[in-house]
Amino acid sequence: MRDRSLILAGLLLFLGLITFPIWYNLASGASSKEPELKLPANEKQCVASKETMRTTHMEMLITWRDRVVRQDDRTLRTADGRTFEMSLTRTCMKCHENREEFCDKCHLYAGVTPYCWDCHIDPKLARRTNG
Amino acid sequence: MSANRRTFLGVAGLSALALAGKSTLSAIEGSEKKDAAASAPKRWAMVIDPQKCLKNEGCKDCIAACNKVHNVPQFADAQHEVKWIWKEPFEHAFPDQENPYTAEALKEKPVLVFCNHCDNPPCVRVCPTKATWKREDGIVMMDWHRCIGCRYCVAACPYGSRSFNWLDPRPHIPALDPNFPTRTKGVVEKCTFCDERLARGQQPACVESCKEKALVFGNLDDPTSEVRALLKEHYTLRRKPELGTHPEIYYIV
C-alpha cells in the first residue's frame, strides 16, 4: 500500500471530474431553477386546479381529443359548473397565447416533445406566417 | 359486536343485492339519456344542381372556401395533389352513364365532386386502425391522430376522394387557419362534411360560399328537409351506384 496517497488523489480527481456538471450547475444555480412560466394576464382560473393541470393536462387533452373526434362531444363541463369548448387552439391557447413562454418552456425543462403542434396551429405562428 | 357466520352471510347478501339494484337503476337511467339523444335521427346528405353550378363555369368559390377553412395544401406537382372538393368532367364523374350522346348542357362540363359519405363506405371496411369510420349521422369521419398512412382507403375509394400527404403540407398552405389543424406527411385526408362547422350549427363551408345555391345540405331522415324536397321534385344521379356503396351526394339532372 505504498501508493495509497496517489490512488486516493487519483480517485478524488476522477470523482471531481465526473461530477463536474453537477457542481457547475449547483454553483450557477441553474439546476435548482424551475422554469418560470408566463401565465395569462387576464384570466386567473383554468378549467381545473393548477395542480391537476400540472400533472394531468396531457391525459386531459387526450380525453378531449377522443371525445371531440370520435364522439362529436365538444363541450366540457368543469367540476365547478363552467362550460368550455374542448379545443387546444380555440380554448387553451385563447388564454395561454404564448406557446414559447408557457408550453415549450416546461416541455423543454421536462425533456418531452409532444407532437400536438405538428398539426394543431399555434395562433401566433399563424399570424406570423400569414403576415 | 361479534358476527357469526349466519349474520355475516345475511349482511353480505343484502349488500350485494343493494349494489346490483343500484347498477341496474343507473343502467336504465343511462339508456334513457341515450334514447333522448337518438330521438332525432340524422342522415346528412347533399344535393347538387350542376345546372346552377354551371351558370358561372369558372367559379371556384366553394373549392376556395373549403381549402381555406381546412388548411388544404396546394402542391404545384399534380402527383402530390391534395384535394377535398374539386371539379371533374361529367363523363369522368359518371362513367356509368354510357351515353355517346350526352346532352350538350352536361357534355364534358365540370361537375363538383368530393367524398360521397357512402352509406356502405369501402374505405371504412379496409382501414386497419379505425382511423376512418362512419358516424351515426352518416358522416364518414377521419381521425388523423390514428391514421398510419397505409393508403388502403385511398385504394378502396372508387371516387378518388382521398388524398395522401406525400410531403409535409405546412409549407404549401397559402394561409394557415388556426381554427383547424393541418395534417402531417404520411396521413390521408378528405372531406368530412365540415363536422366541426356542423357542431357549431353552421352549414358546410362549400354550401355557405355558393352564391348560386347549387349545393344544398341537409338531413335525409327529416321528411320536411330541403334535401328531401329536392329529391322528391327532381330526378337525381349518384356516382357509381352499381358498386353498392350508396353514395349520399345527389346530382340533379
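Every chain's residues receive numbers from 1 upward, in the order its sequence appears when written. All chains are assigned letters beginning at A, and all ligands numbers beginning at 1, according to the order in which they are written. Predicted model: local features are reported for residues with pLDDT of at least 70 only, side-chain atom pairs are reported and counted for 80 or more only, and whole-chain, interface and lining totals are derived from all residues.

**Observations concerning the overall build of chain B**
Each helix is a run of H or I in the DSSP string that is no shorter than four residues. Each strand is a run of E no shorter than two, and both are numbered from the N terminus. In terms of helices and strands, chain B carries nine helices and 10 strands. The quantity called the radius of gyration is restricted to C-alpha atoms. Its globule counterpart is 2.2 Å times the number of residues to the power 0.38. Relative to the globule expectation of 18 Å for 253 residues, the C-alpha radius of gyration of chain B, 24 Å, shows a markedly less compact shape. Each of the three principal axes of chain B carries a C-alpha extent, and together these read 95 × 45 × 30 Å. Whether a residue is buried, exposed or partly exposed is read from the other C-beta atoms within 10 Å of its own C-beta, which are placed from the backbone; 20 or more gives buried, 12 or fewer gives exposed, and intermediate counts give partly exposed. For chain B, the proportion of its 253 residues judged to be buried stands at 32%. Sequence separation of 24 or more characterises 63% of the internal contacts of chain B that already satisfy a separation of 6 or more. Note on contacts: residues are paired as contacts if their backbone-placed C-beta atoms lie within 7 Å.

**A look at the overall build of chain A**
Within chain A one finds seven helices and two strands. Of the regular secondary structure in chain A, the N- to C-terminal order runs α-α-α-β-β-α-α-α-α. Scaling as 2.2 N^0.38, a compact globule of 131 residues should have a C-alpha radius of gyration of about 14 Å, whereas chain A reaches 23 Å, well beyond that. Per-residue burial over chain A gives 7% buried out of 131 residues. Restricting the contact set of chain A to residue pairs at least 6 apart, pairs at least 24 apart contribute 58%.

**Some details on the domain arrangement of chain B**
If you check the domain split of chain B, you get domain 1 (8–39) and domain 2 (44–252). Once you take the C-alpha centre of each, domain 1 of chain B and domain 2 of chain B turn out to be 45 Å apart. A domain assignment, automatic or from a database, supplies the domain bounds used here.

**Regarding the environment of Asn42(A)**
Residue and element names in this part refer to chain A. Its location among the elements puts Asn 42 in the loop between helix H2 (20–28) and helix H3 (50–71). On the neighbour-count criterion, Asn 42 (5 C-beta atoms within 10 Å) is exposed. Expressed as a C-alpha distance, the spacing of Asn 42 and Leu 17, which sit 25 residues apart in the sequence, is 48 Å.

**Here's the deal with the interface of chain B and chain A**
Taken residue by residue, the interface counts 14 residues in chain B and 15 residues in chain A. Class assignment of the residues belonging to the side of chain B that touches chain A gives a composition of six nonpolar, four polar and four charged. When residue character is reported, Ala, Val, Leu, Ile, Met, Phe, Trp, Tyr, Cys and Pro are called nonpolar, Asp, Glu, Lys and Arg charged, and the others, Gly included, polar.

**Remarks on the pairing of strand S8 (residues 215–219) of chain B**
Residue and element names in this part refer to chain B. Burial runs high along S8: four of the five residues are buried. DSSP-based pairing: two strands are paired if at least 2 bridges between them are found. Relative to S8, strand S1 (residues 44–48) runs antiparallel, the two being bridged by five bridges. Bridge pairing in S8 places Ala 45 opposite Gly 218.

**Details of the nonpolar core**
Residues and elements named next belong to chain B. For this entry, the nonpolar core is defined as buried Ala, Val, Leu, Ile, Met, Phe, Trp, Tyr and Cys residues connected by C-beta atoms within 7 Å. If you look at the biggest cluster of nonpolar residues, it comprises 51 residues, and the most contacted ones within it are Met 46, Ile 48, Ile 85, Leu 112, Cys 206 and Leu 215. Going through the elements one at a time, S1, helix H3 (61–69), helix H4 (90–93), strand S3 (110–114), strand S5 (140–142), helix H8 (205–209), S8 and strand S10 (249–252) are the ones with two or more residues in this core. At five residues, S1 tops the list of elements feeding residues into this core. In this view, Ile 85 contacts Cys 62, Ile 63, Cys 66, Leu 112, Phe 114, Cys 191 and Cys 206; residues no more than four positions away in its chain are not counted.

**A few points about H2(A)**
Taken across its nine residues, H2(A) has zero buried, putting it largely on the surface. Residue Gly29(A) follows H2(A) closely and has a positive phi angle near 75 degrees.

**As for unusual backbone geometry**
Negative phi is the rule for most residues except glycine; trans is the rule for most peptide bonds. All names here are of chain B. The backbone of Lys 130 sits at a positive phi, close to 60 degrees, despite the residue not being glycine. Topologically, Lys 130 is positioned in the loop between helix H5 (122–126) and strand S4 (132–134). With phi around 45 degrees, Lys 240 is a residue other than glycine that occupies positive phi space. By the element assignment, Lys 240 lies in the loop between strand S9 (236–237) and S10. Judged by the 15 C-beta atoms lying within 10 Å of it, Lys 240 falls in the partly exposed class.

**A look at the sheet that holds S8(B)**
Read from one edge of the open sheet, four strands run S8-S1-S10-S9 (chain B), paired in mixed fashion. The open sheet has two edge strands, S8 and S9 of chain B, and neither has a second partner.

**Focus: the environment of Ala205(B)**
All names here are of chain B. Here Ala 205 is to be found in helix H8. The buried category is assigned to Ala 205, around which 23 C-beta atoms lie within 10 Å. Sequence separation between Ala 205 and Val 72 is 133 residues; the distance between their C-alpha atoms is 13 Å.

**Focus: the domain arrangement of chain A**
The assigned domain composition of chain A is domain 1 (1–33) and domain 2 (35–130). If you average the C-alpha positions of domain 1 of chain A and of domain 2 of chain A, the two centres end up 42 Å apart.

**Describing the pairing of S1(B)**
All names here are of chain B. Extensive coverage of S1 is indicated by the burial of five of its five residues. Of the two faces of S1, the one lined by Trp 44, Met 46 and Ile 48 and the one lined by Ala 45 and Val 47 are each fully buried. Sheet topology note: the S1/S10 ladder contains three bridges and is parallel. Across the sheet, Val 47 pairs through a bridge with Tyr 250, a residue of S10.

**Things to note about the environment of Leu61(A)**
Checked against the element boundaries, Leu61(A) lands in helix H3. With 15 C-beta atoms packed within 10 Å, Leu61(A) lands in the partly exposed category.

**Some thoughts on the confidence of the model for chain B**
Residue and element names in this part refer to chain B. Averaged over every residue, the pLDDT of chain B is 91; residues scoring 70 or more account for 92%. What pLDDT reports is the predictor's confidence in each residue, on a scale of 0 through 100. Here residues 32–37 scores under 50 on pLDDT; set against residues more than four positions off or in separate chains, the count is zero contacts. At the level of chain-chain contacts, confidence expressed as ipTM amounts to 0.78, with global pTM at 0.80.

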